[in-house]
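Residues per chain, in single letters:
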Amino acid sequence: MKTSRVSIAAAIAAGSVLVLSGPAFAHVGVQPVGEAAKGGYATINFKVPNERDNASTTQLEVNFPIDQPLTSVMPQDVPGWTVTVEKSKLDKPLTVHGKQINEAVTKVTWTGGKIEPGKFQQFPLSVGKLPESDQMVFKSIQTYDNGEVVRWIEEAKEGSAEPQNPAPVLKLAAPKGGDHHDSGAKADEAKNADKDAEHGHDKAASEHGSDTTARALGIAGIVVGLGGVAFGIASRRRSA
């Protein structure tokens with residue numbers, strides 16, 4: 001009896017977890033392909049599951065944060081869907097790759113297609129230059145063919161439960177490679193390595209020169225010694 005009660009309780013608990021966590025998996029979300037590093041460029045996918053059993057998703061509108069302007073947003077073709085990219089003037093122009101940018105993308109909308117019940121669709125974008133912050137929030141609006149509109153615009157607050165309609169959040173990773181200080185340190189290390197190599201080369205050359213001189217002097221001494229021996233022998237023969 002105790003074993004049965006424990007099994008039933010475990011099953012109920014597991015079912016409750018599934019029920020409570022089920023809707024969370026159906027949220028519109030955004031994920032990078034690989035890694036989205038601060039200050040770099042990345043490909044990101046907006047994943048849109050259909051949450052309704054009696055309606056299909058026919059439109060997705062993604063709003064870009066105006067305080068984190070992206071100067072480059074390039075959509076990838078999605079069969080059956082038409083994409084529209086909207087830009088707005090920037091209050092403060094940006095300088096990217098030496099060029100001044102006066103506008104940035106503020107909204108991307110996909111229409112014309114259909115995500116049927118029980119299915120999902122991904123909408124890829126190539127974006128950059130990513131900000132230096134830890135994340136980006138893309139408030140999105142999902143529209144169904146029965147006229148229903150779901151606004152995924154609520155921002156999660158630290159220490160609070162996940163909101164009912166959370167906005168897609170893109171987490172940004174640390175930039176690849178070192179900063180300028182690291183680059184400078186590496187350059188100094190390289191210079192020092194070159195100096196050490198040059199010093200070693202000079203030292204080797206000096207040692208090689210000294211060794212050659214010593215050998216030459218040694219050979220000259222032997223020659224002189226042999227000459228002295230020959231002279232001595234000749235002198236003895238003359239005396240005899």
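Residues numbered from 1 in each chain as written. Predicted model: local features only at pLDDT ≥ 70, side-chain atom pairs only at ≥ 80, totals over all residues. Heavy atoms only, no water.

### Quick look at the side chain of N45
Tracing the sequence through the fold places N45 in strand 2 (residues 42-49). There is a polar contact of 3.5 Å between the side chain of N45 and the side chain of Q122. What N45 contacts, discounting residues up to four positions off in sequence, is G29, V30, Q31, V33, Q122, F123 and P124. (Helix = DSSP H or I, 4+ residues; strand = E, 2+ residues; numbered from the N terminus. Polar contact = N/O pair within 3.5 Å; in protein donor to acceptor, adjacent residues only side chain to side chain. Contact = heavy atoms within 4.5 Å.)

### Here we look at the sheet that holds strand 4 (residues 72-75)
Strand order in the open sheet formed by 4 strands is 1-2-7-4, and the pairing between neighbours is antiparallel. Taken across any chain shown, the strands that pair with only one partner, and hence form the sheet edges, are strand 1 (29-32) and strand 4. Taken over all neighbouring pairs, the strand axes of this sheet differ in orientation by 30° on average, direction set aside. (Pairing = 2+ DSSP bridges. Axes fitted to C-alpha atoms, helices over the stretch in contact; angles between N-to-C directions.)

### Thoughts on unusual backbone geometry
The peptide bond linking G128 to K129 adopts the cis configuration, its omega dihedral lying at -10°. Tracing the backbone shows K129 in the loop between strand 7 (120-128) and strand 8 (135-137).

### What about the confidence of the model for the chain?
When the pLDDT values of the chain are averaged, the result is 77; 62% of them are 70 or greater. Every residue in residues 8-24 is under pLDDT 50, and counting partners more than four places away or in other chains gives 2 contacts. (pLDDT = per-residue confidence, 0-100.)

### A closer look at the packing of aromatic side chains
Scanning the entire structure with this criterion turns up 4 aromatic pairs. Relative to F138, the ring of F46 lies with its centre 5.4 Å away and its plane at 85°, an arrangement referred to as edge-to-face. Of the two residues, F46 is situated in strand 2 and F138 in the loop between strand 8 and strand 9 (139-144); the sequence distance between them amounts to 92 residues. As far as the burial class goes, F46 and F138 line up, both buried. Relative to F123, the ring of W81 lies with its centre 5.1 Å away and its plane at 85°, an arrangement referred to as edge-to-face. Taken together, the residues span a long stretch of sequence, with W81 in the loop between strand 4 and strand 5 (82-96) and F123 in strand 7 at a distance of 42 residues. On the basis of relative accessible area, W81 is assigned to the buried category, the value being 11%. The lysine or arginine in question, K47, covers the ring of F120, its NZ or CZ lying 4.7 Å from the ring centre. (Phe/Tyr/Trp six-rings, centres within 6.5 Å; stacked < 30°, edge-to-face > 60°. Buried < 20%, exposed > 50% of the residue type's maximum accessible area, 1.4 Å probe, protein only. Lys NZ or Arg CZ within 6 Å of the ring centre and 35° of its normal.)

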